[in-house]
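Residues per chain are reported as follows:
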Amino acid sequence: MIGLISATAAGTVARDRLAAAWPGRTVVYEGPVREAVQRAFAECEQLVCFLATGAVVRLLAPLLSDKSSDPGVVCVDEAGRHAVALLGGHRGGANALAGAVGEVLGAAPVVTTATDAAGVPGLDMLGLPVEGDVAGVSRTMLDGAGVELRADAVWPLQPLPSNVSPGAGGAAVLHVTDRIVELGSQAAVLRPASLAVGVGASKGAPAEEVVGLIRDALREAGLSPLSIAELVTVDAKADEPGIVAAASQLGVPLRTYAAGELARIEVPNPSGAPLAAVGTPSVAEAAALAAGGELLVPKRKSNPVGRAAMATCAVVRRSPRGRLAVVGLGPGARDLLTPRAREELRRASVLVGLDQYVDQIRDLLRPGTTILESGLGAEEERARTAVAEARKGHAVALIGSGDAGVYAMASPALAEAGADIDVVGVPGVTAALAAAAILGAPLGHDHVSISLSDLHTPWEVIERRVRAASEADIIVTFYNPRSRGRDWQLPKALSILSEHREPATPVGVVRNASRTDESSRVTSLAGLDPATVDMMTVVTVGNTATREIAGRMVTPRGYRWQSATTAPAQEGAE
């Protein structure tokens, strides 16, 4: 929850705007400012103070405890011009909060964290637990001196600066491992979530016994508990209090498997006791192996003083899974690039894309991002390259214009990708939607997009689809309508539509939607000159109800056109 505190009338106005923009996420603290700050500091994960930074510093000073637990604090000035990340920039999320506040209030976010200012991710912002001399390694990284990267495997991390590499040399060292390593000054370690721990327990087993067994087993194997990804067990133990509490104490999820599934897994140490109790000869080892990976720690039992063991565990190490984000960049305008797309672009250590699309977003990439770009006509090659890089363990972004799933890169990429990598789709604003917004409201009823390019689809198939849309009175948006080598397909498609639509049917033509050289016009089915259309153009043909009103294309939501004397229809679900 985000606590909001203000002291002046202007601050209260801005405070209330933020509260209205984030319903359910904020709490307004009234009363004397000192008391409000104290209560919010104790009760909230983050604070936004509409106060001077100096005043907030004095109010917070006696409350500060530890950077790992103190809330993130953002200050907004009286005029609402700046949102200053004052406290807890990384761990408290104040840097991100300052940006979010700025978007709502139109304020400029002020972030002074060195890594953020340099465009470099902080070691504590890479999504993995980190130990050691984080500050020392970060300083070396920012200074441009060599930081030796020692990783057991390739993990899908955010891009690191070029001075952080296996051959960088230098005094600073950054480990990426689940193993316990000795750390001196200028050495830090990132803990990947590589370990799955299988757990079995008798009814009533204490959580302390389960946790103690796991920690002992890991320590003796030279492994860090910070690399535990999950605890796994049999379905029958899904609600066993000791196991549930152990997962909670370790801060990891608990996953279960059916006894029949575990019984089919060959294990080194089967036993009759779990077979009789829950229907499988192994719980800990079988569950760990079911989670996938190499068995590092075979089944071992707890060793309580004065009584029989009540818990067992086994540990496997998983291989890294690469990550492929298929990102739609929208039609071209920067403000139509979604926040999620921005996040994925900055998260990717490898970017794959068409050269002209890479140029659109090159400035958004973090230092150290590997860029693999190619020219027109290499879609399948780019898809194969992106999947291959993800299979190496990298975090990859494969970019396309509009929405990556609409006549773009998602289809060839997902046809190539298997279950061995994680795939994330990031939607984007399509050319059809961008053009429709410019034209007015042409897509107010059923509509379809059809590409007129017969490079990948036989013309007979395209023509059948155009004819079906024409007969069904569906609004049609044509992609790839005309090129130098394909100049007859658009006239043919328009003639098919003319069989079922009047010559005066509105037609919208938009070129380079949302870009600086955007142009648009509304004409008619009879009036459209195909020679004025090219591959950068989207053509939208209305249905029999579409009208031109004040120069805009409008298709009614209902089946009958609403005249000026007709009562307005009720608003319905979108």
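Small disclaimer: the values here were computed from a predicted structure and weren't measured.

So, how was this worked out
- Residues numbered from 1 in each chain as written.
- Predicted model: local features only at pLDDT ≥ 70, side-chain atom pairs only at ≥ 80, totals over all residues.
- Heavy atoms only, no water.
- Salt bridge = Lys/Arg side-chain N within 4 Å of Asp/Glu carboxyl O.
- Helix = DSSP H or I, 4+ residues; strand = E, 2+ residues; numbered from the N terminus.
- Buried < 20%, exposed > 50% of the residue type's maximum accessible area, 1.4 Å probe, protein only.
- Expected span 1.5 Å × (residues − 1).
- Arc of directions from axis to C-beta.
- Pairing = 2+ DSSP bridges.
- Axes fitted to C-alpha atoms, helices over the stretch in contact; angles between N-to-C directions.
- Contact = heavy atoms within 4.5 Å.
- Parallel < 35°, antiparallel > 145°, perpendicular 65-115°, else oblique.
- Left-handed = near helix turned anticlockwise from the far one by under 90°.
- Nonpolar A, V, L, I, M, F, W, Y, C, P; charged D, E, K, R; others polar.
- Core = buried A, V, L, I, M, F, W, Y, C linked by side-chain atoms within 4.5 Å.
- Polar contact = N/O pair within 3.5 Å; in protein donor to acceptor, adjacent residues only side chain to side chain.

S.K.: Can you walk me through the pattern of salt bridges in this structure?
M.R.: A side chain with one charge may pair with a side chain of the opposite charge, provided their charged atoms come close. One pass over the full model with this rule turns up 22 salt bridges. Across the salt bridge formed by glutamate 131 and arginine 191, the nearest N and O atoms sit 2.9 Å from each other. Linking glutamate 131 in strand β7 (residues 130–132) with arginine 191 in the loop between β11 (187–190) and β12 (195–201), this pair joins segments that are 60 residues apart in sequence. Under the relative-accessibility criterion, glutamate 131 is labelled partly exposed at 29%. Taking the shortest distance from any N to any O, the salt bridge between arginine 391 and aspartate 420 comes out at 2.9 Å.

S.K.: Teacher, can you tell me more about helix α4 (residues 94–105) here?
M.R.: Helical periodicity: at 3.6 residues per turn, an α-helix aligns residues three or four positions apart in one direction. Taking 1.5 Å per residue, 12 residues should reach 16 Å; α4 reaches 16 Å between its end C-alpha atoms and fits that length. Looking only at α4, the buried set comprises Ala94, Asn95, Leu97, Ala98, Val101, Gly102 and Leu105. The arc enclosing the buried residues of α4, seen along the axis, measures out at 160°, which places them on a common side. In α4, the exposed residues that point more than 90 degrees away from the buried face are Ala96 and Glu103. Where α4 ends, the next residue or the one after it, glycine 106, has phi of about 75°, a positive value.

S.K.: Looking at this structure, I do not really get the sheet that holds strand β16 (residues 311–317). What am I missing?
M.R.: Strand-to-strand pairing in sheets goes through backbone hydrogen bonds, with the strands running parallel or antiparallel. Pairing is mixed across the open sheet formed by five strands, whose spatial order is β14-β13-β12-β16-β15. Of all the strands in the sheet, the pair left with one neighbour each is β14 (254–257) and β15 (294–301). Within this sheet the neighbouring strands show an average axis-to-axis angle of 25°, counted without direction. Note that strand β13 (residues 228–234) and β14 share four bridges and pair parallel. Bridging across to β14, leucine 231 finds its partner in leucine 254. Against the sheet, helix α7 (residues 207–220) contacts β12, β13, β15 and β16, and its axis sits at roughly 40° relative to β16. The strands touched by helix α8 (residues 241–250) within the sheet are β12, β13 and β14, with β13 carrying the most contacts at an inclination of about 175°.

S.K.: What is the right way to read the packing of α7 against α8 from this model?
M.R.: Pairs of packed helices are described in terms of their axes, by the angle between the two and the distance that separates them. Interhelical geometry of α7 versus α8 gives an angle of 55° and a closest axis separation of 8 Å. With respect to their mutual orientation, α7 and α8 come out oblique. Two packed elements cross with a definite hand, and for α7 against α8 that hand is right-handed. Contacts from Ala207, Val210, Val211, Ile214 and Arg215 in α7 reach Gly242, Ala245, Ala246, Gln249 and Leu250 in α8. Of the residues that constitute the contact of α7 with α8, the class distribution is seven nonpolar, two polar and one charged.

S.K.: Explanation requested: the nonpolar core in the structure shown.
M.R.: A general trend in soluble globular proteins is that nonpolar side chains are found buried together. Counting 24 residues, the largest nonpolar core has Val197, Ile214, Ile228 and Leu231 as its most contacted members. Broken down by secondary-structure element, the contributors of at least two residues to this core are β12, α7, β13, α8 and β16. With six residues, the top contributor of residues to this core is α7. The residues contacting isoleucine 214, other than those within four sequence positions of it, are Val197, Val199, Ile228, Leu231, Leu250 and Cys313.

S.K.: Can you walk me through the side chain of threonine 537 in this structure?
M.R.: If you trace the backbone, threonine 537 turns up in strand β27 (residues 537–541). Within polar-contact distance, the side chain of threonine 537 engages the side chain of aspartate 534 at 2.8 Å. In contact with threonine 537, not counting residues within four places along its chain, are Phe478, Pro481, Val509, Val510 and Arg511.

S.K.: Please clarify how the packing of helix α17 (residues 459–471) against helix α18 (residues 489–498) should be interpreted in this entry.
M.R.: Here α17 crosses α18 at 30°, and the two axes come no closer than 9 Å. Comparing the axis directions of α17 and α18 gives the class roughly parallel. For the crossing formed where α17 meets α18, the hand is right-handed. Residues Trp459, Glu463, Val466, Arg467 and Ser470 of α17 touch α18, and the partners they reach there are Gln489, Lys492, Ala493, Ile496 and Leu497. Partitioning the contact of α17 with α18 into residue classes produces five nonpolar, two polar and three charged.

S.K.: How should helix α2 (residues 33–43) be read in this particular structure?
M.R.: Listed in full, the buried residues belonging to α2 are Ala36, Val37, Ala40 and Phe41. Projected down its long axis, α2 shows its buried positions confined to an angular sector of 130°, all on one face. In this structure, α2 carries Ala42 and Glu43 as exposed residues pointing more than 90 degrees from its buried face. Those residues of α2 that are buried lie in contact with β1 (2–6), β3 (46–50), α3 (53–60) and β5 (82–87).

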